Amino acid sequence: MAAVTTNSADVPGREETAPPGVPTAAPGAPGPRERRPQELNWRIRLRRDRSLLLMTVPVVVLLLVFNYLPLFGTVTAFEYYDPIVGVVNSQWIGLDNFRQLFGDPLFWGSVWNTLELAAVQLVLFFPVPVALALLLNSVLSPRIRGFVQSVTLIPHFFSWVLVITLFQQMIGGAGLLNQFLRQHEMTPWNIMTDPSVFKLLVTSQVIWKDAGWGIIVFLAALAAIDENLYEAAAMDGAGRWRRMWHITLPGLRGVIVLMLVLRLGNILNVGFEQLLIQRYAVGHDAADVLDTFSYYYGIGTNNYGYGAAAGIFKSAVSLLLIYGANKLAHFFGEDGLYRK
């Protein structure tokens, strides 16, 4: 009879053992055919990624020139800055600019106007791009969707001078609205010069100009949602509203929270050029915000340190707002700007 040989690996329950005298590998160590990935030194990585690094050079230069180098100018907030003698030779006055600033009722009026306008824009403007993105996502025809998106996107590229001129022609004193009211023997209403509705007017201008630009990020987030989720929900009998509530909105939640954090960090920038153009129509009591205050009562009066102090106050408040919004995002389980 022929001898039957068996391999230890083929027998269940038997482990293959090395012959005597042959060293065995330690548990977790790489086998004879396994190799550890070799770490590349910085020269090899630099040569490998040089194309990508060269592409980032213009961005880094722009950030240094327009974002980081101007930070050295904040020292003027603690000086009686004279542009003739320069920053180094200007008189150092410490916190006198801030003491004068916090005792100025015009400053606190501009702070209150800024916060009011920011709150109105946050409530009325921020949901509009989300709603437009959901509406466009529900349109089946790609031609109609592309047409509506193009029409809502074009106003973003208009200057504020053109936008305010269009509003003036529509709802100004000699605009179409007042012409219609006069023709029907009704009292005209010049909305462009009414301080009581100025904040709503400014917000409506922002919505008309930038709502189409704001939907780009949300449309990209909607495109990343798996279509199989909608098909499975439809097969289970879920209607359009249930699919939106249980699939679309949870898929957008992370992006919405991120954009909200960024919006809160930039909430005090309520439109310098837009308000500067309309300031004389409604008066400084209604139109002065922190940016226009720094311009008129700092640069306009050659008191540059005073305007710089107002700018530092605005930056500090913005930093606290973005930090608090990011902490709130972490509380609700979202990443925010960075992971917890």
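See the structure shown above.
In this report, we go over the structure that sits alongside the text. (Residues numbered from 1 in each chain as written. Predicted model: local features only at pLDDT ≥ 70, side-chain atom pairs only at ≥ 80, totals over all residues. Heavy atoms only, no water.)

1. Quick notes on the packing of helix α15 (residues 290–299) against helix α16 (residues 304–331)
Part 1: Between α15 and α16, the shortest axis-to-axis distance is 7 Å and the interhelical angle comes to 165°. Considering the angle they form, α15 stands roughly antiparallel to α16. Of the two possible hands of crossing, α15 and α16 adopt the one that is right-handed. Where α15 abuts α16, its residues Leu290, Asp291, Phe293, Ser294, Tyr297, Gly298 and Ile299 lie against Tyr304, Tyr306, Gly307, Ala310, Gly311 and Lys314. (Axes fitted to C-alpha atoms, helices over the stretch in contact; angles between N-to-C directions. Helix = DSSP H or I, 4+ residues; strand = E, 2+ residues; numbered from the N terminus. Parallel < 35°, antiparallel > 145°, perpendicular 65-115°, else oblique. Left-handed = near helix turned anticlockwise from the far one by under 90°. Contact = heavy atoms within 4.5 Å.)

2. Some thoughts on the nonpolar core
Part 1: Residues Leu101, Phe107, Phe198 and Leu275 are the most contacted members of the largest nonpolar core, which totals 41 residues.
Part 2: No other element matches the seven residues that α16 contributes to this core.
Part 3: Residues in contact with Leu101, not counting those within four places in the same chain, are Phe107, Trp108, Phe293, Tyr306, Ala309 and Ala310.
Part 4: Core analysis: the next-biggest nonpolar cluster, separate from the first, contains 15 residues, Ala133, Ala221, Ile225 and Leu252 among them. (Core = buried A, V, L, I, M, F, W, Y, C linked by side-chain atoms within 4.5 Å. Buried < 20%, exposed > 50% of the residue type's maximum accessible area, 1.4 Å probe, protein only.)

3. Quick notes on the pattern of salt bridges
Part 1: Tallied over the entire structure, the rule returns six salt bridges.
Part 2: Residue Asp96 is joined to Arg99 by a salt bridge in which the shortest nitrogen-to-oxygen separation is 2.7 Å. Here the residue Asp96 and the residue Arg99 both occupy positions in helix α4 (residues 96–102), the gap between them amounting to three residues, near one helical turn.
Part 3: Across the pair Asp210 and Lys209 runs a salt bridge whose closest N-O atoms are separated by 3.9 Å. In terms of burial, Asp210 and Lys209 fall into one category: buried. (Salt bridge = Lys/Arg side-chain N within 4 Å of Asp/Glu carboxyl O.)

4. Section: the packing of helix α7 (residues 142–153) against helix α10 (residues 198–223)
Helix packing for two helices is described by the angle between their axes and how far apart those axes are.
Part 1: At their nearest, the axes of α7 and α10 sit 7 Å apart, and the two run at 135° to each other. Relative to α10, the element α7 lies oblique. Listed contacts from α10 to Gln149, Thr152 and Leu153 of α7 are Gly212, Trp213, Ile215, Ile216 and Leu219.
Part 2: Split into classes, the residues belonging to the contact of α7 with α10 amount to five nonpolar, three polar and no charged. (Nonpolar A, V, L, I, M, F, W, Y, C, P; charged D, E, K, R; others polar.)

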